[in-house]
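# Architecture and fold: a report
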Amino acid sequence: MENLKKVFIITGESSGDKHASGVARELLRLNPDIKIEAVGGENLRKMGVKLFSDQKKMGAMGLTPKVIVDHIFLGAKIVNYLKNDFKPDLVLLVDYGAFNLAISKRLKKAGIKTFYFIPPQIWASRKWRLNTVKKNIDRVLTIFPFEGEMYDNAGIQNTYVGHPLIKELPQKADRVEFFKRHNLDLNKKLISIFPGSRMFEIKHLLKIFLCAAKLIEKVRGDVQFVVSHADNLDDDAFEKTKCPYKAIKGENHALLSVSDALILKSGTVALEAALYKTPMIIAYRGPLFFYLVYLLVRSIKKACLVNIITGKDIVPEFLMFDACPKKIADEIINIIDNEKVKMLQRSGFDEVEKLLSDKHCVEEAAKIIDEELKQK
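Only a predicted model underlies this, so the values are computations on that prediction, with no experimental measurement involved.

### Description of the overall build of the chain
- What the chain contains, in helices and strands, is 16 helices and 13 strands.
- Taken over C-alpha atoms, the radius of gyration comes to 22 Å for the chain, in line with the 21 Å a tight globule of 376 residues would show.
- Dimensions of the chain, computed from the C-alpha atoms along their principal axes, are close to 70 × 40 × 40 Å.
- In the chain, buried positions account for 53% of the 376 residues.
- Pairs at least 24 residues apart make up 65% of the contacts formed inside the chain by residues separated by at least 6 positions.
- Here the chain has roughly 18300 Å² of accessible surface; of this, 51% comes from carbon and sulfur atoms.
- Side chains of the chain give 60 positive and 47 negative charges; the mean places of these two sets differ by 5 Å.

Below, the structure is given as structure tokens:
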């Protein structure tokens, strides 16, 4: 058993746990004798991966003293375990940049080979983090084709493996079945609102989105609205907003795929919508202080992943002070009424899908890791 290869995976959120479980599955297929442990969640656990810790302490939001202390102690505990007990051949960091970039310094100091899968979006902001990657990460497995140039210029070994959503995204839902199940009117257009999965996003965005919906209803009698209720939010998360529309929890992908238009918080959800070819606008508003900090650290002016990937203005963006009900309502009406606008967006979505390639992301990542382990 001396040649038994060992990998330790560190994830921080449910999406990372899902992507990491795919990599674990493929690693075990390539080498059934490999031993994998992780900081993760149910997806990794179902793959038979032993969890050193779950994601409860990892998934906390913000820079509160408790979160910082929890992360410091958890990081120290992980590194101590890896150095003295588990002794992995390789550590795979997955997403969750704040924690993983910090722990990468300790892993480097401990002499542990470290790969980063789904690295932080350094191309978008805080480019100084490239220095941390260069010093501490042995290889970066990127998910966007444009990331390679940045890492090449910095002298960081990297490989583009494709985007996980290309293979992971569920098939489109059956529109008729979905409408019937949720008592929606098949004769009306469905506009779905995605205000985010964090309470501060609900606080700053949902009211704006609801006001935009009311403006649309005033001029259009052939529309209906549904609000996406993120899985992680409590059932009463929308109570204070007095949301007048049906909230659907746990069916984000189905809702994205059957809608006629979308009002979205900026983020990965826009990429998911693009792969379903559903027309959209994105908007974002947060506390003024955080917006001013964002302006200082950002590296690009676009916010929507569709626009960033294509380098074009495909999806309308309404950020901070532009995120007002009238502008959002006018653009949604334009999308519904104008076939040319819909066609232009869908053409951009086709380009996104093509640029993200037909690579099977987790298979590519596992193959690279397996090849590395065989060299040891």
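Additional details are given in the paragraphs that follow.
### Some words on the state of the cysteines
- Evaluation of the coordinates by the stated rule reveals zero disulfides.
- In this structure Cys304 is a free cysteine whose sulfur lies 18 Å from that of Cys324, the closest cysteine sulfur available.

### Focus on the nonpolar core
- Core analysis: the largest hydrophobic core is formed by 92 residues, its most contacted members being Ile9, Phe117, Leu264 and Met280.
- Counting residues in hydrophobic clusters, the runner-up holds 33 residues, among them Ala230, Leu233, Ala237 and Phe318.

### Concerning the packing of helix H1 (residues 14-30) against helix H16 (residues 361-375)
- One way to put it is that H1 packs onto H16 with a least axis distance of 8 Å and a crossing angle of 55 degrees. Here H1 lies oblique to H16, going by the angle between them. Remark: the crossing between H1 and H16 carries right-handed chirality. Facing His19, Gly22, Val23, Arg25, Glu26, Leu27 and Leu30 of H1, the residues of H16 in contact are Val362, Glu363, Ala365, Ala366, Lys367, Ile369 and Asp370.
- For the contact of H1 with H16, the residue count by class is seven nonpolar, two polar and five charged.

### Brief notes about the sheet that holds strand S2 (residues 35-40)
- The sheet built from seven strands is open, its strands ordered S3-S2-S1-S4-S5-S6-S7 with parallel pairing. Each edge of the open sheet is held by one strand with a lone partner, namely strand S3 (50-54) and strand S7 (158-160). Averaged over all neighbouring strand pairs, the angle between strand axes comes to 20 degrees, with direction disregarded.
- Bridging between strand S5 (residues 114-117) and strand S6 (residues 139-142) involves three bridges; their strand directions are parallel. Paired with Tyr116 across the two strands is Val140, which belongs to S6.

### Examining the pattern of salt bridges
- Per the stated rule, a full pass over the model turns up 17 salt bridges.
- Salt-bridge contacts for Arg220 lead to Asp337; the nearest nitrogen and oxygen are separated by 2.1 Å. With Arg220 in the loop between helix H9 (199-219) and strand S9 (223-229) and Asp337 in helix H14 (residues 325-337), the pair connects residues that are 117 residues apart, well separated along the chain.
- For Arg220, a relative accessible area of 16% gives the class buried.

Calculation criteria
- Residues numbered from 1 in each chain as written.
- Predicted model: local features only at pLDDT ≥ 70, side-chain atom pairs only at ≥ 80, totals over all residues.
- Heavy atoms only, no water.
- Helix = DSSP H or I, 4+ residues; strand = E, 2+ residues; numbered from the N terminus.
- Rg over C-alpha atoms; globule rule 2.2 N^0.38 Å.
- Buried < 20%, exposed > 50% of the residue type's maximum accessible area, 1.4 Å probe, protein only.
- Contact = heavy atoms within 4.5 Å.
- Areas by Shrake-Rupley, 256 points an atom, 1.4 Å probe, with all protein chains shown as cover.
- Lys, Arg positive; Asp, Glu negative; His and termini not counted.
- Charge placed at Lys NZ, Arg CZ, Asp CG, Glu CD.
- Disulfide = S-S within 2.5 Å.
- Core = buried A, V, L, I, M, F, W, Y, C linked by side-chain atoms within 4.5 Å.
- Axes fitted to C-alpha atoms, helices over the stretch in contact; angles between N-to-C directions.
- Parallel < 35°, antiparallel > 145°, perpendicular 65-115°, else oblique.
- Left-handed = near helix turned anticlockwise from the far one by under 90°.
- Nonpolar A, V, L, I, M, F, W, Y, C, P; charged D, E, K, R; others polar.
- Pairing = 2+ DSSP bridges.
- Salt bridge = Lys/Arg side-chain N within 4 Å of Asp/Glu carboxyl O.

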